[in-house]
Amino acid sequence: MASSMAAAASYLSPPPVTAERPTARGCLHFPSAPASSRFLRLHSAGGRSPANRKPRYLRRAAKVVVAAMADPLKVMIAGAPASGKGTQCELIKAKYGVVHISAGDLLRAEIAAGTENGKRAKEFMEKGQLVPDDIVVNMVKERLLQPDAQENGWLLDGYPRSYSQAMALETLGIRPDIFILLDVPDEILVERVVGRRLDPVTGRIYHVKYSPPENEEIAARLTQRFDDTEEKVKLRLQTHYQNVESLLSIYEDVIVKVKGDATVEGVFAEIDKLLNSSVDKKEEMVASA
Ligand code: AP5
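Keep in mind the model is a prediction, meaning the values are calculated, not measured. (Residues numbered from 1 in each chain as written. Predicted model: local features only at pLDDT ≥ 70, side-chain atom pairs only at ≥ 80, totals over all residues. Heavy atoms only, no water.)

This brings us to the overall build of the protein. Across its full length, the protein carries 13 helices and 7 strands. Residue burial in the protein is summarised as follows: out of 289 residues, 46% are buried. Counting contacts in the protein only where the partners sit at least 6 residues apart, residues at least 24 apart contribute 72% of the total. For the protein, the exposed surface amounts to about 14400 Å²; the carbon and sulfur share of it is 55%. (Helix = DSSP H or I, 4+ residues; strand = E, 2+ residues; numbered from the N terminus. Buried < 20%, exposed > 50% of the residue type's maximum accessible area, 1.4 Å probe, protein only. Contact = heavy atoms within 4.5 Å. Areas by Shrake-Rupley, 256 points an atom, 1.4 Å probe, with all protein chains shown as cover.)

Here it is, written out as C-alpha cells:
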C-alpha cells in the first residue's frame, strides 16, 4: 500500500506549470502573490490557436486557479472512524490546493499544547464521545475564517458531526459545494484503526498492513493515537452512527456517498471525478457572471 500511495501521489502530480509553484509532491500550490497577478499570468500568453492551446494538465491547473480566485472550492468530508478521511484529504489537498482543516487534528493540537480546552477535550475523546460544542465550534469557525482558507478554499474533515455543529455554520452562511460521505463496512474500520500509525515528523498516515512505512527509520518513529484501540473505536463508531443521520437533511442537496472500501487510489479516483465536476460548475458560473 505504501507503493500504491506513492503511485497515487505521482499520478496526481502534473508536470511543473509556470503559474503555480510545485510543492515537494509536485502538487498545485498557490503562492502568496495577489490573486489578480496570478490570474494575469495564466491568461496572458497567446490566443486560442491550436499552436497556443495549452496541454490538458495546464488547462486543468488554470481551471482550479480561476475557481479558487472567484469562488474557492469548499468541501466537507465525513465518515466513520478510519473510513479514510485523513488519507483522502492528503490527496485532495495535494491536487486542489485547498486548506485542510481537521477537527480531530485541531483538538489533538490543543491536547499537545496542554491547554484547558485540550484537557477537557481529551476526556471526551478517550470515551469516544463528541467534544462539546463550546470547544469545537469556535475552534473550527476561527480556522475556517482565516485568510488562507478564504482565498484557497477549504476541506473540512470531521466537522460538522452533529446538527448543532452544522447549524453553527449555516447561521454564518457557510456551506460546502460538496459533502463527501465515505462509506466503509464496520469490520474493515476496526482493522484500519488498530493498524494505523502516524509519522510525527511528516504528519503522514500509515497502516501496518495496508500502508507500511517506506523504511526502518520512519518505522522506528511511528506513533499510535491514544484512541486507536479496538475498545475505543467501537465507542467512536456508536457516536458516529448516532449523529451522522442528523447531517443528511441539512446537506441533502450536496451530499455524495463514496464507497471507501476500495484501494486508496480507487477511492480517490471517485472523489477526484466529483471534485472536478464541482470545479467545472464553478467555472461555468464564473464565465456566465
Ligand atoms: P478524528 O481525529 O476526526 O477521528 P475519526 O473521525 O475517528 O477519524 P479517524 O481520524 O480515526 O479516521 P480517518 O477517517 O481520518 O481515517 P484515516 O485516513 O486515518 O476525531 C477524533 C476524536 O476527536 C473523535 O472521536 C471526537 O472525540 C473528537 N472530535 C473530532 N471532531 C469532532 C467534532 N466535530 N465534534 C466533536 N468532537 C470531535 O485512515 C485510517 C487507517 O486506514 C490508516 O491507517 C490508513 O492508512 C488506512 N486506510 C485509509 N484508507 C484506506 C484504504 N482505502 N484502504 C486500506 N487502508 C486505508
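To continue, consider the sheet that holds strand β7 (residues 255-259). Backbone hydrogen bonds are what pair the strands of a sheet, in a parallel or an antiparallel way. On the basis of which strands lie adjacent, the open sheet formed by 5 strands has the order β2-β3-β1-β4-β7 and parallel pairing. The sheet terminates laterally at β2 (99-102) and β7, the two strands that pair on one side only. Each strand axis lies, on average, 20° off the axis of its neighbour in the sheet, ignoring direction. Strand direction decides the pairing type here: strand β1 (residues 74-79) and strand β3 (residues 154-157), joined by 4 bridges, are parallel. Note on β3: the bridge partner recorded for Met-76 is Leu-156. The sheet strands contacting helix α5 (residues 103-113) are β2 and β3, and the helix crosses β2 at an angle near 65°. (Pairing = 2+ DSSP bridges. Axes fitted to C-alpha atoms, helices over the stretch in contact; angles between N-to-C directions.)

With that settled, consider the site of the ligand. Close to the ligand lie 34 residues, the nearest being Thr-87, Gln-129, Arg-161, Arg-196 and Arg-236. Side-chain polar atom of Thr-87 to an oxygen atom of the ligand: 2.6 Å apart, as the coordinates give it. Between the ligand and the protein, one listed contact pairs a nitrogen atom with a side-chain N or O atom of Arg-192 at 3.4 Å. Protein chains shield 96% of the accessible area of the ligand, which is 1000 Å² for the free molecule. At the level of elements, α4 (85-96), α5 and β6 (205-207) are the ones that each hand at least two residues to the shell around the ligand. (Near = heavy atom within 4 Å. Polar contact = N/O pair within 3.5 Å; in protein donor to acceptor, adjacent residues only side chain to side chain.)

A few words now on the side chain of Arg-196. Among the structural elements, Arg-196 can be located in strand β5 (residues 196-198). Residue Arg-196 is classed as buried on the basis of its relative accessible area, which comes to 13%. Setting aside its immediate chain neighbours within four residues, Arg-196 contacts Ile-205, Tyr-206, His-207, Gln-224, Arg-225, Asp-228 and Arg-236.

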